[in-house]
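Observations on the model geometry
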Amino acid sequence: MEFLQPVLDGFGVVLEPTNLLYCLLGVTIGMLIGVLPGLGPAATIAILLPLTYGVEPVTAIIMLAGIFYGAQYGGTITSVLLRLPGEASAVVTVFDGYQLAKQGKAGTALGIAAIGSFVGGTVAIIGLTFLAPLVAGFALDFGPPEYAALALLGILLVATISNGPKVKALIAAAVGLLLATVGRDAFTGAERFTFGNLSLADGIDFVPVAMGLFGVGEILYNLEERHRAAKAPTSVKNVWPSRQDLRTSAPAIGRGSVLGFFLGILPGGGATIASLAGYAVEKKVAKDPSRFGKGAVEGVAGPETANNAAATSSFIPLLTLGIPANATMAIIFGALLIQGVTPGPELINAHPDLFWGVVNSMYIGNILLLIMAIPLIGVFVRILRVRAAILAPITALITLLGAYTIRNSMFDVLLVVVFGAVGYLMKKFGFEPGPLVLAFVLGALLESSLRRSLLVLDGNLLGMMGRPISATLVILFVAVAVFPLIKSLLDRRTHHAVVDEALRSGPAPHAASGTPSDTHTKENA
Amino acid sequence: MPLPAREHLDGPVETTDPLDPVEAQTPEELVAQWEAEAPPQAGPVANLAASLVVLALGIGGIVLAVGLGIGTASSPGPGTWPLAVSVLVTVLALAQAVIGRHGGQGGEKFTRYSWITLIGFLTLVAMVVLIPLIGFEIPALLLCLVWMRFLGGEGWRSTIVYSLLIVAAFYAIFIAALGTSIPHLI
């Protein structure tokens, strides 16, 4: 079949020694930071962006991608052994994974997690292989109005689906858009918001912003956070999952793969939501839900499969439409821009070696992770003993000195420090940095799409409703924007109804938390 | 110091941890424990302060954007898009000021540990100022010393040893191996 030819060529790209090496480097670093509390994959990818300047685009993205899905593996290790999730997507694994470890089955939990992650990742890659060219082909018909609507929808989804207060996330996104306007206007050449500063004339560079917001911001925040005393991890004997365990987990792995794949594609979705949903689904379909929380293997298999599948499928919107689905994808978007590659539907055709090289590297990366996961656990656990006080200055220095190497400019380092403070303050005041980076990265594209749309539609943006694709996207945009308002209104009515009922039927039951909607959410978590 | 686990070849492993005498048994209890241990939320004053800062940003943006020239819908000027975004920022800031007036909008309160972060930030600023003047070795060494000893609570001996090792490693990697042009003394 001729359409498989580029896919096979992609394997040729991956198997080049440099790319294999960077793939190995990426997944190893990914697993490492997944294990270490403090830095997440977004922060690490941001900090390592200067490393991507000296290599080919393919090689750079292979490494960054490896860090991302590798971190999903790493977070599991501390969840199971220390009851401390290394990553947000490994939180639910704590419930049953740690219980399994206490029962002497840590190897089972980790083995099931590794196998599930591998299957989930591979299923997602296969899905990506077939779905991506379809989406990209469909998107070649996109004009400026479609792009504008899609970018707006993507930003809105990321801002509203992320945890935390919605309006604050929208504010972060809006500020990101505003920051993107600094510099020379592409259409008229006028200088905007530069205040006469030459360094700002070409706009605020993306890399220092990402390194500052995510890298230095996390480092400053971790200085303050009191880490819980690390318990000595339960011992891990190299016990592989039994055949019974595998048979019990197989359906969970299957469900997790599909669930994770679809949740990852959705902007704003991603690994964390997939793991939560995976756990909830397993609990719902289980014949005996009371086993959950006491060491049910499905409680590990389902979420772990889902989060790896989601991490992989979240590449689809980026590589096919040029729309990042979450903050990490936004940073990888920026990394591609640095390399002179503009992500979009033409990517598959204009740079097939890049596209298929990255996609196929995920197969290899997943295999490497499966091979390395169990043997390296001992190493990682020992690394965990290195105190945070020693790691912190190392990461700070890597970030600052790395920032200098971008353009041999101290101004970039200053930007990193300033945005580090901004990132820290944002965290303290409850603003998510993800939407800001996403909007910042999409800002230029969004503006040029909107201005071109105005030209195409003769100054009447409502003309977007006349085009089928952009009309659908605008309707979705309005639906997503309005849905939370409707939901909160409905919740209040339900709350009043339930309170009235309770008052009528006698003394209120001893409830731990307030509204029915809260307990509803907790059960599904 | 928590006691290490007793090692068994198979069967249940005991973890006796004096810091955690009553372990949460169920996921609900665990989540409740995490929530109890989480830092307190930022509160209404912080919400108002943040909203006002964003509001100032938005209004500043509007003023500057109008100055750039906003044009019309069919021929947008350089200030059109910045104006639209600044208006959005302003509206959202006002909305947030109202929504969060009773608190409960996430974030964390500043604690006495926040001073540690401030000092850390100041050392980073010092790095930016000093590196062009005296190279990166001495400022990096000072940063390591401050972060490990004063911010991290390490002992003097391990602080000095690790700091020297780290600066040496950075020199070896960034200057000797990679040949970057970071200002250096040696």
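Scanning chain A from N- to C-terminus turns up 22 helices and 2 strands. Compactness check: chain A gives a C-alpha radius of gyration of 23 Å against a globular reference of 24 Å for 525 residues, within 12% of the reference. Seen along its three principal axes, the alpha-carbon backbone of chain A occupies a region of about 65 × 65 × 55 Å. Within chain A, the proportion of its 525 residues that are buried is 58%. The long-range fraction of contacts in chain A, counting pairs at least 24 apart against all pairs at least 6 apart in sequence, stands at 79%.

This brings us to the overall build of chain B. Summing up its helical and strand segments, chain B has 6 helices and 0 strands in all. Going from N to C terminus, chain B has its helices and strands arranged as α-α-α-α-α-α. If you take every contact in chain B between residues at least 6 apart in sequence, the share linking residues at least 24 apart comes to 53%.

It is worth spelling out the packing of helix α10 (residues 243-265) of chain A against helix α12 (residues 298-313) of chain A at this point. Geometrically, a packed helix pair is captured by the angle between its two axes and the distance between the axes. Residues and elements named next belong to chain A. The N-to-C vectors of α10 and α12 enclose an angle of 30°; their axes lie 7 Å apart at closest approach. On the basis of the axis angle, α10 is roughly parallel to α12. Note on packing geometry: the crossing formed by α10 with α12 is right-handed. Partitioned by chemical class, the residues of the contact of α10 with α12 number 12 nonpolar, 12 polar and 2 charged.

In this section: the interface of chain B and chain A. Listed as interface residues are 75 residues of chain B and, on the opposing side, 62 residues of chain A. Every element with two or more residues in the side of chain B that touches chain A is listed here: α1 (27-37), α2 (44-68), α3 (80-99), α4 (114-134), α5 (137-151) and α6 (156-177) of chain B. Tallied by class, residues from the side of chain B that touches chain A come to 50 nonpolar, 19 polar and 6 charged.

All names here are of chain A. With respect to the secondary-structure elements, P352 resides in helix α16 (residues 352-373). Since 17 C-beta atoms lie within 10 Å of it, P352 is described here as partly exposed. Sequence separation between P352 and A497 is 145 residues, and the spatial gap between their C-alpha atoms is 58 Å.

This part takes up α12(A). Here α12(A) contains 16 residues, and its C-alpha end-to-end distance of 22 Å stays within 8% of the 22 Å for a straight helix at 1.5 Å per residue. With respect to burial, α12(A) is a largely interior element, 16 of its 16 residues being buried.

On to the confidence of the model for chain A, then. Residue and element names in this part refer to chain A. Across chain A, the average pLDDT comes to 83, with 92% of residues at 70 or higher. The weakest mean pLDDT in chain A belongs to helix α22 (residues 516-524) at 36; the strongest belongs to helix α19 (residues 410-429) at 93. Between residues 508-525, whose pLDDT stays under 50, and residues either more than four places distant or in other chains, the model counts 11 contacts.

This paragraph deals with the packing of helix α7 (residues 144-161) of chain A against helix α8 (residues 166-180) of chain A. Residue and element names in this part refer to chain A. Where α7 contacts α8, the two axes come as close as 8 Å, and the packing angle between them is 140°. It follows that α7 is oblique to α8 by the angle criterion. Crossing hand, α7 versus α8: right-handed. The residues of α8 that touch α7, namely those facing I155, A159 and T160, are K166, A169, L170 and A173. Here the residues of the contact of α7 with α8 sort into 5 nonpolar, 1 polar and 1 charged.

Now for the nonpolar core. Core analysis: the biggest nonpolar cluster contains 204 residues, and A:I171, A:A173 and A:A210 have the highest contact counts within it. In contact with A:A173, other than residues within four places in its own chain, are A:I155, A:A159, A:P435, A:L436, A:L438 and A:A439.

Residues apart from glycine generally show negative phi values, whereas peptide bonds are mostly found in trans. Residues and elements named next belong to chain A. Phi at F193 takes a positive value of approximately 60°, unusual for a residue other than glycine. Mapped onto the elements of the fold, F193 is located in the loop between β2 (191-192) and α9 (206-224). With a phi close to 50°, N408 is a non-glycine residue in the positive phi region. On the neighbour-count criterion, N408 (11 C-beta atoms within 10 Å) is exposed.

Moving on to the environment of A:G40. Residue and element names in this part refer to chain A. Along the chain, the position of G40 falls in the loop between α2 (17-35) and α3 (41-47). You can call G40 buried: it has 23 C-beta atoms within 10 Å. C-alpha of G40 to C-alpha of F68: the two residues are 28 residues apart in sequence and 9.0 Å apart in space.

Let's shift gears to the environment of A:T248. Mapping A:T248 onto the fold places it in helix α10. Considered as a pair, A:T248 and A:A392 are 144 residues apart in the sequence and their alpha carbons are 42 Å apart.

This part is about the confidence of the model for chain B. All names here are of chain B. Residue-level pLDDT values for chain B average 81, and 87% of them are 70 or greater. Of all the helices and strands in chain B, α1 carries the lowest mean pLDDT, 77, while α4 carries the highest, 92. Between residues 1-21, whose pLDDT stays under 50, and residues either more than four places distant or in other chains, the model counts 34 contacts. Interface scoring of the predicted complex returns ipTM 0.83; its pTM is 0.82.

The rules behind these values
- Residues numbered from 1 in each chain as written.
- Chains lettered and ligands numbered in written order.
- Predicted model: local features only at pLDDT ≥ 70, side-chain atom pairs only at ≥ 80, totals over all residues.
- Helix = DSSP H or I, 4+ residues; strand = E, 2+ residues; numbered from the N terminus.
- Rg over C-alpha atoms; globule rule 2.2 N^0.38 Å.
- Buried ≥ 20, exposed ≤ 12 C-beta atoms within 10 Å, placed from the backbone.
- Contact = placed C-beta atoms within 7 Å.
- Axes fitted to C-alpha atoms, helices over the stretch in contact; angles between N-to-C directions.
- Parallel < 35°, antiparallel > 145°, perpendicular 65-115°, else oblique.
- Left-handed = near helix turned anticlockwise from the far one by under 90°.
- Nonpolar A, V, L, I, M, F, W, Y, C, P; charged D, E, K, R; others polar.
- Expected span 1.5 Å × (residues − 1).
- pLDDT = per-residue confidence, 0-100.
- Core = buried A, V, L, I, M, F, W, Y, C linked by C-beta atoms within 7 Å.

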